[in-house]
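Reading the structure
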Amino acid sequence: GENVEQHPSTLSVQEGDSAVIKCTYSDSASNYFPWYKQELGKRPQLIIDIRSNVGEKKDQRIAVTLNKTAKHFSLHITETQPEDSAVYFCASTDSWGKLQFGAGTQVVVTP
Amino acid sequence: NAGVTQTPKFQVLKTGQSMTLQCAQDMNHEYMSWYRQDPGMGLRLIHYSVGAGITDQGEVPNGYNVSRSTTEDFPLRLLSAAPSQTSVYFCASYPAGASDTQYFGPGTRLTVL
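Computed from a predicted model, the values in this text were never measured in an experiment. (Residues numbered from 1 in each chain as written. Chains lettered and ligands numbered in written order. Predicted model: local features only at pLDDT ≥ 70, side-chain atom pairs only at ≥ 80, totals over all residues. Heavy atoms only, no water.)

**Some remarks on the interface of chain B and chain A**
Opposite the 22 residues of chain B that make contact, chain A presents 22 residues. Summed over both sides, the interface between chain B and chain A buries roughly 1,700 Å², with carbon and sulfur atoms accounting for 54% of that surface. Inspection of the region where chain B meets chain A yields 3 residue pairs in polar contact (both at pLDDT 80 or more). Among the elements of the structure, strand 4 (31-37), strand 5 (43-51) and strand 9 (87-94) of chain B are those that each provide at least two residues to the side of chain B that touches chain A. Residue contributions to the side of chain B that touches chain A peak at 4 residues, all from strand 5 of chain B. (Contact = heavy atoms within 4.5 Å. Buried area = accessible area lost by both parts, 1.4 Å probe. Polar contact = N/O pair within 3.5 Å; in protein donor to acceptor, adjacent residues only side chain to side chain. Helix = DSSP H or I, 4+ residues; strand = E, 2+ residues; numbered from the N terminus.)

Here you go:
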């Protein structure tokens, strides 16, 4: 089955700096790669996603890149703000739409 | 639309007790899933359903049963609760077809003593 590895497990950045989280996956048939943000005690919320026919996608301060050959994808957050502090999860889906999650990255943005 | 709803929000059980976690969605999504979230381990798929009457196992199905008698509801049953089942449980739904956005419910925090 699919295996998703996520790094780093914790990331501390100064406000205004960029944050990068990287994930690798094992199933070459995976074709959808969402990123979720989870604040303490809340449900995961989709923040951006990318499909296998696209190499990069941006939405304001966040962007995701996908390298299908190398089977890795990354989340980039620019100009980080304190409200970006949360746990971020990458995921990939198989052909049934089953999501396999990474273990998560705790991002702390310090003023 | 209420989206995906889950009840209860919190539950404490004793070892060996059984209970049902409820999940409902009003978006007419065909696909529904149950995940558990443990510290440092992300979310793991317990069971999923691709339509009424159809269910299948995920990554960690042992100790849990599901059924899908209607499109709207997807209850998760703990047959005989164990401390290892202490976790936060999330239900999710999404439209038919792979590669679609999953919508998560607010979660149920379960403690088994």
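**Comments concerning the confidence of the model for chain A**
Low pLDDT marks stretches whose predicted atomic positions should not be read closely. For chain A, per-residue confidence averages 93 on the pLDDT scale, and residues scoring 70 or more make up 96% of the total. Mean pLDDT values for the elements of chain A range from 88 in strand 10 (residues 99-101) of chain A up to 98 in strand 2 (residues 10-14) of chain A. (pLDDT = per-residue confidence, 0-100.)

**Observations concerning the packing of aromatic side chains**
Across all of its chains, the model carries 13 aromatic pairs over all chains by this definition. Aromatic pair Tyr25(A) and Phe73(A): ring centres 6.0 Å apart, planes at 55°, arrangement tilted. In this pair, Tyr25(A) sits in strand 3 (residues 19-25) while Phe73(A) sits in strand 8 (residues 72-77), placing the two residues 48 residues apart along the sequence. Comparing Tyr25(A) with Phe73(A), the two get one shared label, buried. Here the aromatic cluster, defined as three or more aromatic residues joined through ring pairs, consists of Tyr36(A), Phe89(A), Phe101(A), Tyr35(B), Phe90(B) and Phe104(B). (Phe/Tyr/Trp six-rings, centres within 6.5 Å; stacked < 30°, edge-to-face > 60°. Buried < 20%, exposed > 50% of the residue type's maximum accessible area, 1.4 Å probe, protein only.)

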